[in-house]
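Descriptive structure summary
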Amino acid sequence: MNDWPAVTAVIPTRNRPDMLRETIGSILGQDYPGDVTCIAVFDQSDPDESFVSDAPGRRVLVTPNKRQPGIAGARNTGSLMADGELVAFCDDTDLWLPHKLRAQVAALGDGHFVTCGVELFNDRVSYPRSIPLTSVTLRDLLNKQLPTMHPSTYLMRREALVNGFGLVSEELPGGYGEDYELLLRAAKMGPIANLTEVGTRLRMHNSSYFSIVDTSATISEALRWMLDRYPEFSGAGGYAQLAGKIAFAEASLGHSSQALRWIGRTVRKRPWEPRAYLALAVTAGVPADAIVSRLQRIGRGI
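Below you will find a few notes about this structure. (Residues numbered from 1 in each chain as written. Predicted model: local features only at pLDDT ≥ 70, side-chain atom pairs only at ≥ 80, totals over all residues. Heavy atoms only, no water.)

What to know about the overall build of the protein
So the rule is basically this: Elements are defined by DSSP. Helices are runs of H or I of four residues or more, strands are runs of E of two residues or more, and each kind is numbered from the N terminus. Atoms considered for the radius of gyration are the C-alpha atoms alone. The globule rule reads 2.2 Å times the number of residues to the power 0.38. Throughout, a contact is declared for two residues whenever any of their heavy atoms are within 4.5 Å. Positive charge is attributed to Lys and Arg, negative charge to Asp and Glu, and no charge count is given to His or to the chain ends. For the purpose of locating charges, the reference atoms are NZ of Lys, CZ of Arg, CG of Asp and CD of Glu.
Along the backbone of the protein there are 11 helices and 11 strands. By the compact-globule yardstick of 19 Å for 302 residues, the protein fits well, its C-alpha radius of gyration being 19 Å. Dimensions of the protein, computed from the C-alpha atoms along their principal axes, are close to 60 × 35 × 35 Å. Residue pairs in contact within the protein that sit at least 24 positions apart in sequence constitute 74% of those at least 6 positions apart. Of note, the protein has its 32 positive side-chain charges centred 8 Å away from the centre of its 33 negative side-chain charges.

In structure tokens, the structure reads:
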């Protein structure tokens, strides 16, 4: 269309056609002056050709996941297909506000990665969430996981994603936490720009393929993988956050001795870490799913 860089939005999807249609509509409806292409990557499901569109400047492509099954492989499939200078991620349950791309491209400048604020919503409530930082460093990410830096807000230079800090890890057990791990690698390359304003709406729904109760073994394994892969956590506050999640996952599995071990590691690093006490409650008999459900109702997670 003009000198604004072309953007490819990669949307992993599986069996959510109605939500996917809304997601694509919000991306094609951007007030962004440049070309926007959506690639819907059908993971463990057949591509739906009815989504394909060749509208000038606003294409929609579909493809099967050609890599490892799961969200990481799906994102990488779309990223490698992308022919624009910039690549963005969006989950098939989420929506972009009309100004998102224009604002993010302006904030990106000569950088390699930019995120933005989010709004969690459902039919009854909405919760705007953002972090007050306009530049996020590796130290910031090691000190605290920042869930508002959600993958549906990511906008990256394709060259940096493919040949710089690298594609989404397909090694992480179950693909759990792959977004956080990608942020860590990207931040090693340089600070990540962040818009404090809301640009993405995250749907609070019950159709996630990840539940901390149902997939506790995977979550525990993935987070232990993260701590092993990033020894920098040993001297950072974020260790307590991840250790507390491991403790909760182990408690959910009924592994009381493992849970107590990780609770101890958590409180030694940060005595006020709430996840340690939630894990302790589960070891004492409080149902883990009741805690998770209560947190989800107020837009929080473990």
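Considering the side chain of K245
Put simply, the rule reads: Only protein chains enter the area calculation, which uses a 1.4 Å probe; residues under 20% of their type maximum are buried, those over 50% are exposed, and those in between are partly exposed. Salt-bridge detection follows one rule: a side-chain nitrogen of Lys or Arg within 4 Å of a carboxyl oxygen of Asp or Glu.
On the secondary structure map, K245 appears in helix α8 (residues 238-252). It turns out K245 is buried and unbridged, and the closest side chain with the opposite charge, D179, is 8.4 Å from it. When near neighbours in sequence (up to four residues on either side) are disregarded, K245 contacts Q145, Y176, L223, R275 and I302.

A closer look at the pairing of strand β2 (residues 36-42)
Keep this limit in mind: Orient the strands so they point away from the viewer, and a crossover whose first-strand-to-second-strand path over the helix runs clockwise is right-handed. Any two strands with at least two DSSP bridges between them are considered paired.
The buried fraction of β2 amounts to 7 of the 7 residues, a majority that puts the element mostly inside the structure. Neither face of β2 is exposed, since V36, C38, A40 and F42 on one face and T37, I39 and V41 on the opposite face are all buried. As for the winding sense of the linkage, the β-α-β connection from strand β1 (residues 7-13) through helix α1 (residues 17-28) to β2 is right-handed. Strand direction decides the pairing type here: β2 and strand β4 (residues 58-64), joined by 7 bridges, are parallel. By the bridge assignment for β4, T37 is matched with R59.

Comments concerning the environment of S53
Along the polypeptide, S53 turns up in strand β3 (residues 53-55). Sequence-wise, S53 and C38 are 15 residues apart; in three dimensions their C-alpha atoms are separated by 9.4 Å. Excluding residues that lie within four positions of it along the chain, S53 makes contacts with R58, R59 and V60.

Observations concerning the nonpolar core
Note the cut-off: For this analysis, a nonpolar core means a set of buried residues of the types Ala, Val, Leu, Ile, Met, Phe, Trp, Tyr and Cys, connected via side-chain atoms within 4.5 Å.
Core analysis: the largest hydrophobic core is formed by 60 residues, its most contacted members being F89, L141, M156, L184, I192 and F233. Counting residues per element, this core draws most heavily on α8, at 8 residues. When residues no more than four places from it in sequence are discounted, the contact partners of F89 are V10, R75, S79, W96, P151, S152, T153, Y154, M156, L161, V168 and L182. Residues V60, C90, L108 and A193 belong to the second largest nonpolar core, which totals 24 residues.

Structural notes on a nonpolar patch on the surface
Selection rule: The patches reported here contain residues having more than 30% relative accessible area and no salt bridge. Joining distances are 9 Å for like charges and 5 Å for nonpolar side chains (Val, Leu, Ile, Met, Phe, Trp, Tyr). Per-residue accessibility takes into account occlusion by the displayed protein chains alone, with areas from the Shrake-Rupley method and a 1.4 Å probe.
Residues L260, Y277 and L280 make up a contiguous nonpolar surface patch of roughly 290 Å² in combined accessible area. Looking at where L260 falls in the secondary structure, it is placed in helix α9 (residues 256-269).

Focus on helix α11 (residues 288-297)
Defined as follows: Of all possible arcs, the one meant is that of the directions from the helix axis to the C-beta atoms.
Taken as a whole, α11 has its buried residues at A288, I291, V292 and L295. Down the axis of α11, the sector holding all buried residues measures 95°, keeping them to one side. Seen from the buried face of α11, the exposed residues on the opposite side, beyond 90 degrees, are R294 and R297. With its phi angle positive at about 75°, G299 sits one or two positions after the end of α11.

Quick notes on unusual backbone geometry
Peptide bonds are, in most cases, trans, and in most cases residues other than glycine have a negative phi. The residue N15 is not glycine, and still its phi comes out positive at about 60°. Structurally, N15 is set in the loop between β1 and α1. In this structure, Q44 is a non-glycine residue whose phi angle is positive, near 55°. For Q44, the location among the structural elements is in the loop between β2 and β3.

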